[in-house]
Amino acid sequence: MSVQTPDIAIIGGGPVGSLAAATLSRAGYSVALFERGAAPKPDTTRPDTRGYALAAGSVQLLDDLGYWSSVADQATPIRSIVVSRRGGLGRVHLNARDHGRAALGQVVPAAALDPMLNEACRAAGVDLHYDSTLAGLDPAEGDRRTLHIEGAKDEATWSARLILAADGVSSPTRKALGLPVQRLRYDADALVFDVRPDRPHNGQAFERFTDEGPLALLPQADGRMNVVWVAPPQTCEQRLEQGEAERLRELQARFGWTLGRLRPAGPVVRFPLERVHAPDPVAERALLLGNAAHSVHPVAGQGLNLSLRDVAGLLGALRTGRQVDGTPAFAADPGAAAVLEAYAKDRRQDVGSVVAATDFLARGLLHAAGLRGHGLGAGMMAVDRLRPARDALARSAMGLGPLPRHTLAHLPAAGQGTP
Ligand SMILES: Cc1cc2nc3c(=O)[nH]c(=O)nc-3n(C[C@H](O)[C@H](O)[C@H](O)COP(=O)(O)OP(=O)(O)OC[C@H]3O[C@@H](n4cnc5c(N)ncnc54)[C@H](O)[C@@H]3O)c2cc1C
């Protein structure tokens, strides 16, 4: 049986696996991607109703890579964010203009981002395999690791210098690698759907903390808002069973009338919520990326932003210097222990702090009543009035941390790299 030998094999073709595949292929590596799902068909709308809130730093990252312009016309700028508590004092208002920017971030429908990244893989020459899952993984031998892939019709053997596990929260590849993981199933699910308010949203996003979980409304195109409504699973179940009119009445009671009447504008999808964190995402010639490495509560919309920084971080760790023409040069062996250790060291702090902060927001603020509630309300009022505190919050919302911008912006087009 013949064995195929790409430099890098990626398991999972979600947004993170796809971005990693397209980017690494442009860096000059041969990349094979295996996705469990069927090949996307043109003109088929995805059942994913999410609008990804991408921080300004993530938009910059996609722009540096040359991808932003393909989704920009479907994105909606977040010009301001209002954070409040239902039934409590205190409110924080962040305005992009106060921080010298036109937008704090952008909301991009998953239904637009995912096909764009898929197309980016094709354009970069990634070897794409759908209906394919990992059937087994051998220990590393020399500078390669063998993986067994089960396709729709047959099983094949592959050997790669680096295996990237981007196969989501339950990551079968993470299990096969035997990497330990901390998991917590939140007592919460999220219902995600679009509504059309009577009043224009003017690019305003809302994050409202309620006694059953956070409720976010994100600005979308055509005056719509994308609702992320977190509540205990049995409450979500009831809301799915009740009719649309009843569900909207309850949403209106919880959100209020700031935007006038909220009218239904699309199907509802339910997402179970879980915190997953692999403290050490590195194994021999293998690395966890995206939800396989860390899945966080959607409060504050941080998960994909964090994972996009993972992909940028991996590219930074692979970079060895410059070629004579000034473009970046990359490591000949992408799975070398030194590369993977440098990546893990570089990403530890960002990942750890986002996992901890989102967990605190999701659980710590859930029942903020009594003295704790007053303290929180006072804290929010103080942040709203104190410019340095507001600046710090806005910087973190915009995700403008250090990125290897030179590397991102100077990646060659498909097939021109020379690791
Ligand atoms: C309700 C909600 C709202 C969110 N909103 C935001 C937001 O506003 N902003 C933000 O930054 N983040 C947000 N997130 C987080 C974001 O959705 C995740 O960070 C992102 O989906 C992670 O992408 P991924 O590619 O790692 O994983 P996934 O999207 O889970 O993709 C994993 C892929 O692997 C494939 N796969 C699984 N098993 C196998 C296998 N055995 N073999 C081959 N393929 C396999 C799957 O089919 C899938 O395509 C939100 C999350 C939720 C739940």
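Values in this document were obtained by computation on a predicted structure and should not be read as measured data.

**Side note on the packing of aromatic side chains**
Step number 1: Within this structure, the stated rule accounts for three aromatic pairs.
Step number 2: Each ring, one from Phe-34 and one from Trp-158, has its centre 4.9 Å from the other, and the planes form 75°; the classification is edge-to-face. With Phe-34 in strand E2 (residues 31-34) and Trp-158 in strand E11 (residues 155-160), this pair connects stretches of sequence that are 124 residues apart.
Step number 3: For Trp-158, a relative accessible area of 4% translates into the label buried.
Step number 4: Judged by centre distance (6.4 Å) and plane angle (55°), the rings of Phe-193 and Trp-229 are tilted. Here the residue Phe-193 occupies a position in strand E13 (residues 182-197), and Trp-229 occupies one in strand E16 (residues 225-231), the gap between them amounting to 36 residues.
Step number 5: Given the relative accessible area of 2%, Phe-193 is considered buried.
Step number 6: Under the relative-accessibility criterion, Trp-229 is labelled buried at 1%.

**Notes on the site of the ligand**
Step number 1: Taken together, 30 residues form the shell around the ligand, and within it Glu-35, Arg-50, Ala-53, Asn-291 and Leu-304 come nearest.
Step number 2: Here Arg-36 contributes a backbone N or O atom positioned 3.0 Å from a nitrogen atom of the ligand.
Step number 3: Computed on the free molecule, the ligand has an accessible area of 1,000 Å², of which 88% lies beneath the protein chains in the complex.
Step number 4: Mapped by element, the contributors of at least two residues to the shell around the ligand are helix H1 (15-26), strand E3 (51-55), E13 and helix H8 (303-318).
Step number 5: Along the lines of polarity and charge, the residues of the shell around the ligand split into 13 nonpolar, 13 polar and four charged.

**Considerations on the packing of H1 against helix H4 (residues 110-123)**
Step number 1: In the contact formed by H1 and H4, the axes pass within 8 Å of each other and the chain directions differ by 30°. By the criterion of interaxial angle, the relationship of H1 to H4 is roughly parallel. For the crossing formed where H1 meets H4, the hand is left-handed. Residues Pro-15, Ser-18, Leu-19, Ala-21 and Ala-22 of H1 pack against Asp-114, Leu-117, Ala-120 and Cys-121 of H4.
Step number 2: Among the residues forming the contact of H1 with H4, the class breakdown is seven nonpolar, one polar and one charged.

**Describing the sheet that holds strand E9 (residues 133-137)**
Step number 1: An order of E9-E10-E11 is seen for the three strands of this open sheet, with the pairing classed as antiparallel. Two strands in the sheet have a free side with no partner beyond their single neighbour: E9 and E11. On average, adjacent strands in this sheet sit at an angle of 35° to one another, irrespective of strand direction.
Step number 2: Here six bridges tie strand E10 (residues 145-150) to E11, and the two strands are oriented antiparallel to one another. Along E11, the bridge assignment pairs Glu-150 with Glu-155.

**Section: the pattern of salt bridges**
If charged atoms from side chains of opposite charge come close, those side chains can pair.
Step number 1: Across all of its chains, the model carries 20 salt bridges by this definition.
Step number 2: Note that Arg-224 is salt-bridged to Asp-194, the shortest N-O span being 2.4 Å. Residue Arg-224 is found in the loop between strand E15 (213-219) and E16, and its partner Asp-194 is found in strand E13; the two are separated by 30 residues along the sequence. Each of the two residues, Arg-224 as well as Asp-194, counts as buried.
Step number 3: Residue Arg-239 is joined to Glu-212 by a salt bridge in which the shortest nitrogen-to-oxygen separation is 2.7 Å. Placement of the pair is Arg-239 in helix H6 (residues 233-241) and Glu-212 in the loop between strand E14 (204-210) and E15, with a sequence separation of 27 residues. Each member of the pair, Arg-239 as well as Glu-212, is classed as buried.

Conventions we followed
The residue count restarts for each chain, going from 1 along the sequence in the order it is written. The model is predicted, so local features are restricted to residues of pLDDT at least 70 and side-chain atom pairs to those at 80 or more, both for listing and for counting; the totals for chains, interfaces and linings are taken over all residues. Heavy atoms from the whole structure form the basis of all side-chain values; hydrogens and water molecules are not counted. Centres within 6.5 Å are what make two rings of Phe, Tyr or Trp a pair, Trp counting through its six-membered ring; a difference in plane orientation under 30 degrees is then read as stacked, over 60 as edge-to-face, and the rest as tilted. Strands here mean DSSP runs of E at least two residues long; helices mean DSSP runs of H or I at least four residues long; both are numbered from the N terminus. Buried, partly exposed and exposed residues are distinguished by accessible area as a fraction of the type maximum, computed with a 1.4 Å probe on protein chains only: under 20%, between the cut-offs, and over 50%, respectively. Note on terminology: near, applied to a residue and a molecule or strand, indicates that one of the residue's heavy atoms is within 4 Å of it. Throughout this description, a polar contact denotes any pair of N or O atoms lying within 3.5 Å of each other; where both atoms belong to protein, one of them has to be capable of donating a hydrogen while the other can accept it, and for residues adjacent in sequence the pair is counted only when both atoms sit in side chains. Method for areas: the Shrake-Rupley scheme with a 1.4 Å probe, in which residue coverage is limited to the protein chains shown. Classification used: nonpolar for Ala, Val, Leu, Ile, Met, Phe, Trp, Tyr, Cys and Pro, charged for Asp, Glu, Lys and Arg, polar for all others including Gly. Orientation is described by axes fitted as lines to C-alpha atoms, over the contacting stretch for helices, and by angles from 0 to 180 degrees between their N-to-C directions. If an angle is under 35 degrees, it is roughly parallel; if it is over 145, roughly antiparallel; if it lies from 65 to 115, roughly perpendicular; otherwise it is oblique. In this scheme the crossing of two helices becomes right-handed for a clockwise turn of the near helix relative to the far one and left-handed for an anticlockwise turn of less than a right angle. We call two residues in contact whenever any of their non-hydrogen atoms come within 4.5 Å of each other. The criterion for strand pairing is that DSSP finds at least two bridges linking the strands in question. Each reported salt bridge corresponds to a side-chain nitrogen of Lys or Arg within 4 Å of a carboxyl oxygen of Asp or Glu.

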